[in-house]
Structure formats: structure tokens, C-alpha cells
Amino acid sequence: MSEAGGGFVGNDVVDLASPLLDVRAAEDDGTRREWIARHLTETERSSVLEGARFWEIFASKEAASKAFEQAGVAVPRGAFRDLEVDLCRRRVTHGPTGSEAEIALLEQNADRIHAVVVFPADHGCEGLAARVERAASDADSSQAAREALARLLADAAPRRGPAERYAVASRDGRPRVLEAGTWRDWSVSLSHSGRFVAVSALLP
Amino acid sequence: MAFKRSGAVVEAVPLEALAASDVERRIVEGVRKYASHQDNWAKADKNTPFLGSLIGMGIESANLVDIAMSIERQFLTRMTKRVPLADDSSKFRLEPGELGPLMILEGQDIHAATPGLAVKMLMDNGHMPKDPAYLRDVVSFAYIVVVGEAYRLNDTLRRTLRKLPSAADPAARQEIAANVKALVQQARSYAEALTDPAAVVRSRREAYYWERSELQGLEAQLAEVTEKLKQIALSDDTGGADKLRSQQVSLRLRLNTNRTRLRVAEEVANHSGERIPVEEEKVKNVRQVLLASVAEAGRAMDASAAGA
């Protein structure tokens, strides 16, 4: 159980100018179609062919898998089709269990897509904080994301103190926050893609 | 059989005609374009994780499917005959048939975290013969996880430590020092836990048996609720049916979670105790790294306290 009243957050950013997207764009149609098919359920495939809408679904799935994992709803590595995204209802459903999460934020511009998902779906967004930052070109993305999270926490809860009081580590395979020597059971999430890092937190 | 990929033509080769080390080399070459940490990719061996940039190739999780597809494109197999599964006709297993394109089924690559484990996956699923000599020094998934976590912990400790001298404000320095202390404690416990494989395997086996008995209990409960639902469906008791459906959803949720935990617990229990020499070496190295950081943290904390 997280300190944020039993809610769990996951987020994901996709850099739309990532060279890896170009790699995929250079592939033949068959390979591209197959790649997309491996990420989408039949229902999703019928509503989306490819392009930016695909990446909205993809980011929502990645974000949801992080929120579900923290709640103990296991999403095996690479099991994208266990999750089904309904962009109209802003819901992500975990197929094997029927559990639902809410797409709390889905923002897109020409450069990137950022999805933030909260589980369970009826948890609400109180205490939710999220942001995307551009990482320095020579930065270690993982470290840049951890530092961005410390800044987010300091901005979201200014009375607690500055960003320096936070360290972001990993315990039991999940990102965890240390605040001035105390492990906090806050649900937090880190993501990086190309030029961007994105972070989110559910604060009590 | 050739496939066009990124402008180049990839000639798929029958797995049965290749040595395990050749398959591994092709797998590593195939993921090059997804590796964001090219230095680690360039010196990758069979035990280099695909994901993560500290010791891994820096492939992002968004490219997990690319790893599987890259492997599929390069090889042909005789395991091509699709046999529908009895409990779900939309799913199938593969049996020996004509030589054809390799297909990695959903979930088969769950533990294929390194090139060596990817080769093992191909062997385990009958695409190529088992090669005990090759597998002898493939680090298990369990130890890839254990060692990877230790390096991440070390990285966090060192980076937090670096902030200590730069914090001019005494209050801020105190808070950073408190974080360092908590991380040192975690690093010490982790290093300690790594020393005794027998203790590790004991606790892992206990965890496995506990997970298994809980899973069996859940399966029995689910079967009972499903049976009751069948009976109540014939009656007009919609309230009772709704309640049972809700129970069914909740049980399925727990069952799914437990099944995955059981798979991981089983994998870890099977491998964490009997360390092969290469795992022993990796554990020894990462313990040294962790303990060196702990010692350095101790000196830095003393210096910081003296300067305060």
C-alpha cells in the first residue's frame, strides 16, 4: 500500500524525433505492421493503424504497466497485449484480471508524447504531480530522470524542503524516494526517451 | 530465405546449422541499432544485459519487441507446426515441422535478458539442440537481476555521495548525509546477503513454496466460485451472480499476480543457490564495488562531520 492512499502512478515519454523511430520508419511495411501488431490488441488495431495515435496508446500502455506493477498486478516483460487502451474513456484495462487504470494525463506536441496513468481508475488525481524535461545531450538519462524527480517533489511540496533532501533509489525493483534519510512509500515513476525525461509522483 | 530490414537484406540461417556462439554473435549484432550505450554493446558478451546502461547495452524497454523480432528475422527453425491449445483455440504451441521462419511466442522471452539467455531460450523451446558446454557459463536470469540491482544501488550511493561536499548549507548537508547513511545501510545489507548462497537459496526456496501453496489455494477458490456462478446463472438471483462475478474478478487478479511471482520465484530458487563460477565472479565483483563505495562513504561522512 502506498502512502498516497492506495494509488499508484506510472508515466512514459516518447521522443517523436528519436533516431529509433527513424530506424523503424525505414523498415518495410510488413515488418512495421508486425511490430505494431505485437503491441496492440485486436480492438486497438481496428481503431488505429499507425502514426502518432499508436504512440499515444504505446505510452499509455508503458505508463499503465508501471502503475500496475507497483500495485502488484504483474505485467510480464513485453506483454503489451495484456493491456488494452481506450483513449476515449481514458482507461487502460489489464486483460487477465479486468483491472482498470485511468489515463490521468496524455499530452502531445510535435516533439513528444507523455502519458501518466493512475491505478486504480477511481483513485482520482489528488496529489498527482508530473512533468517532462529536456535532458542535456551528454546526460545519463537515468540519472537525469532521478534528478528531475527530486526537483518535481520539491516543487510539488515546497514546505518539505529543497530538491537536495531527496535521493531516488530502487528497492525491490521499483523506484523509491529517500527523504532526508527516511524511505518514503510514495508511488513515483521515471521515464526517458531520446531528448526527454519524464517523472510523476502521487504525494500524500 | 531473406528479409529486407532497414535497407539491408538479412539472410535467415537455419538454427540447426549454427553453433551456439554463432547464434549469440548474430543476436548481439542484430540489436546494435537499438543499443544506446555503444561502449557496453561493443564489449558485450553472452552475459551482458540488453537493458540498462550501467552494465547493459542501454536498450530501452520500448525496444523489447525489437529484440525478439531481430532474433526471429535472422533464423530458421523446424519448430513451425502450429498446434492449437486445448483451453484457448486462439493460442497455439509449436511442434517440429518444415523448416521455416522462427517464431518466438508471447511470454517465451520473459527471461531472455542477455544474449546468452536468448540462446538458452531458443534451446529450451526446441529451436536448436541443447549445448551444455555453451550453457555452462551463461549467468542465470536470477543473478542478472541480483547483480543489476547491486550496480544500480551502488550508482545511487555514489551519486548521492557526490552531492555532500557541494552542499554549502549545513541543514542541506545534514539531509544529504542522512540519505547517504540510509543508502550505506542498504548497500551493506545487500553485500551481506550476497555472501552466502546457501542462505540465499533457503530463503528463495521458502518464498517459492509459499508462493506455490498460495497459488494452489487461489486456484481452488476460483474453481469453486466459477462452479457456483454456473449454477446461479440458471436462477434469477442477479444480485448473487454479481457478487460472485466480483469475487471471480478479484480472484483472477490475485491469481495472475501469483502466477507471475511464482515463475520468477521458481527461476530464482532454481538458480540462486548453485552459483556457477561466472556467477560467483560477478557476485564477488559487485560486492567489492559496493563495499568500496561503503568505505568511501564512511570517509566522506567523517570528513563532512569534521568540517561541520
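Residues numbered from 1 in each chain as written. Chains lettered and ligands numbered in written order. Predicted model: local features only at pLDDT ≥ 70, side-chain atom pairs only at ≥ 80, totals over all residues. Heavy atoms only, no water.

K.L.:
Would you take a moment to explain the overall build of chain B for this structure?
P.N.:
Scanning chain B for helices and strands turns up 10 helices and 5 strands. Burial analysis of chain B (308 residues in total) assigns 45% to the buried set. Of the contacts made within chain B by residues no fewer than 6 positions apart, 63% connect residues no fewer than 24 positions apart. Carbon and sulfur atoms make up 53% of the accessible area of chain B, which amounts to about 15700 Å² in all. (Helix = DSSP H or I, 4+ residues; strand = E, 2+ residues; numbered from the N terminus. Buried < 20%, exposed > 50% of the residue type's maximum accessible area, 1.4 Å probe, protein only. Contact = heavy atoms within 4.5 Å. Areas by Shrake-Rupley, 256 points an atom, 1.4 Å probe, with all protein chains shown as cover.)

K.L.:
When you look at the domain arrangement of chain B in this model, what are you seeing that I'm missing?
P.N.:
For an interface, size is often stated in terms of accessible area lost upon the parts coming together. Residues and elements named next belong to chain B. Along its sequence, chain B is organised into domain 1 (13–138) and domain 2 (141–308). On the side of domain 2, 13 residues touch domain 1, which itself brings 13 residues to the contact. Buried surface at the junction of domain 1 and domain 2, summed over both partners, amounts to about 1100 Å²; 73% is from carbon and sulfur atoms. Three residues, Leu54, Ile55 and His111, lead the burial of domain 1 against domain 2; their summed loss comes to 43% of the area buried on that side. (Domains from an automatic or database assignment. Buried area = accessible area lost by both parts, 1.4 Å probe.)

K.L.:
What is the right way to look at the nonpolar core in this model?
P.N.:
The tendency in soluble globular proteins is for nonpolar side chains to be buried as a group. Val23, Ile27, Ile71 and Leu122 of chain B are the most contacted members of the largest nonpolar core, which has 64 residues in total. Within the residue set of this core, elements represented by two or more residues are β7 (166–171) of chain A together with α1 (20–30), α3 (64–74), α4 (115–124), α6 (141–166), α7 (170–195) and α10 (277–307) of chain B. For this core, the domains that each give at least three residues are domain 1 (13–138) and domain 2 (141–308) of chain B. Formed by 30 residues, the second largest nonpolar core is a distinct cluster that contains Phe54, Ala101 and Phe119 of chain A together with Val65 of chain B. (Core = buried A, V, L, I, M, F, W, Y, C linked by side-chain atoms within 4.5 Å.)

K.L.:
Explain the state of the cysteines here, please?
P.N.:
Think of a disulfide as a covalent bridge from one cysteine sulfur atom to another cysteine sulfur atom. Residues and elements named next belong to chain A. Per the counting criterion, the structure on display carries 0 disulfides over all chains. No disulfide involves Cys88; its sulfur sits 18 Å from that of Cys125, the nearest cysteine. Accessibility expressed as a relative area gives 72% for Cys88, which makes it exposed. On the basis of relative accessible area, Cys125 is assigned to the partly exposed category, the value being 36%. (Disulfide = S-S within 2.5 Å.)

K.L.:
What's the story with the sheet that holds strand β3 (residues 91–94) of chain A in this structure? I'm lost.
P.N.:
Adjacent strands of a sheet pair through backbone hydrogen bonds, lying either parallel or antiparallel. Residues and elements named next belong to chain A. In spatial order, the strands read β1-β5-β4-β3-β2; together these 5 strands make up an open sheet with antiparallel pairing. Pairing within the sheet leaves two strands with one partner each, and these edge strands are β1 (8–15) and β2 (83–86). The average angle at which neighbouring strand axes cross in this sheet is 25°, direction not considered. Of the pairings in the sheet, the one linking β2 to β3 comprises 4 bridges and is antiparallel in character. In the strand pairing of β3, Glu84 is matched with Thr93. (Pairing = 2+ DSSP bridges. Axes fitted to C-alpha atoms, helices over the stretch in contact; angles between N-to-C directions.)

K.L.:
Explain unusual backbone geometry to me, please; I cannot follow it from the model alone.
P.N.:
Backbone geometry follows two general trends: most residues other than glycine have a negative phi, and most peptide bonds adopt the trans configuration. Residues and elements named next belong to chain A. In the segment running from Phe119 into Pro120, the intervening peptide bond is cis, with an omega of 0°. Along the chain, Pro120 falls in the loop between β5 (112–119) and β6 (128–134). A positive phi is found at Arg90, a non-glycine position, where the angle reads about 55°. Here Arg90 shows up in the loop between β2 and β3.

K.L.:
Please explain the packing of aromatic side chains as it appears in this structure.
P.N.:
Aromatic ring pairs are described here by two measures, namely the spacing of the ring centres and the angle between the planes. Enumeration according to the criterion identifies 9 aromatic pairs over all chains in this entry. Aromatic side chains Trp35 of chain A and Phe58 of chain A sit 6.3 Å apart centroid to centroid with 25° between the ring planes, which places their arrangement in the stacked category. One end of the pair, Trp35 of chain A, is in helix α2 (residues 29–37); the other, Phe58 of chain A, is in helix α4 (residues 52–71), with 23 residues separating them in the sequence. Taken as a pair, Trp35 of chain A and Phe58 of chain A share a single burial class, namely buried. One aromatic cluster is present, formed by Trp35, Phe54, Trp55, Phe58 and Phe80 of chain A through successive ring pairs. A cation over a ring is seen here: Lys46 of chain B above Tyr134 of chain B, with NZ or CZ 3.8 Å from the ring centre. (Phe/Tyr/Trp six-rings, centres within 6.5 Å; stacked < 30°, edge-to-face > 60°. Lys NZ or Arg CZ within 6 Å of the ring centre and 35° of its normal.)

K.L.:
Just checking my understanding: could you explain the interface of chain B and chain A for this structure?
P.N.:
Listed as interface residues are 44 residues of chain B and, on the opposing side, 47 residues of chain A. Between chain B and chain A the total buried area reaches about 3900 Å² when both faces are included, carbon and sulfur atoms providing 50% of it. Inspection of the chain B/chain A interface yields 5 salt bridges. Asp140 of chain A is paired through a salt bridge with Arg159 of chain B; the nearest N and O atoms lie 3.0 Å apart. Taken together, chain B and chain A are joined by 11 residue pairs in polar contact (both at pLDDT 80 or more). For the side of chain B that touches chain A, the secondary structure elements donating two or more residues are β1 (2–5), α3, α6, α7 and α9 (238–271) of chain B. Split into classes, the residues belonging to the side of chain B that touches chain A amount to 16 nonpolar, 12 polar and 16 charged. (Salt bridge = Lys/Arg side-chain N within 4 Å of Asp/Glu carboxyl O. Polar contact = N/O pair within 3.5 Å; in protein donor to acceptor, adjacent residues only side chain to side chain. Nonpolar A, V, L, I, M, F, W, Y, C, P; charged D, E, K, R; others polar.)

K.L.:
Mind showing me how you'd approach empty space enclosed by the protein here?
P.N.:
Rolled over the atoms, a probe with the dimensions of a water molecule shows which regions are left empty. Under the defined criterion, the tally for this structure stands at 1 cavity of 30 Å³ or more. Its volume calculated, the largest cavity comes out at about 90 Å³. What lines the largest cavity is Gln143, Arg146, Glu147, Ala150, Tyr166, Ala167 and Val168 of chain A together with Thr156, Arg159, Thr160 and Lys163 of chain B. Of all the elements in the fold, those that place two or more residues in the lining of the largest cavity are α5 (141–156) and β7 of chain A together with α6 of chain B. Among the residues making up the lining of the largest cavity, the classes are represented as 4 nonpolar, 3 polar and 4 charged. (1 Å grid on protein atoms, 1.4 Å probe; cavity = no way out; pocket = protein on both sides within 12 Å on 5 of 7 lines; lining within 4 Å. Points joined across faces, edges and corners; volume = space filled by probe spheres on them.)

K.L.:
In this structure, what is going on with the pattern of salt bridges? I would like to understand it.
P.N.:
If charged atoms from side chains of opposite charge come close, those side chains can pair. Tallied over the entire structure, the rule returns 33 salt bridges over all chains. Its salt-bridge partner being Glu133 of chain A, residue Arg131 of chain A comes within 3.4 Å of it at the nearest N-O pair. With a relative accessible area of 17%, Glu133 of chain A lands in the buried category. The closest approach of N and O atoms between Lys130 of chain B and Asp124 of chain B, which form a salt bridge, is 2.5 Å. Classification of Lys130 of chain B by relative accessible area gives exposed; the value is 53%. What you see here is one network of salt bridges that share partners, running through Arg160, Arg165, Glu179 and Arg184 of chain A together with Glu175 of chain B.

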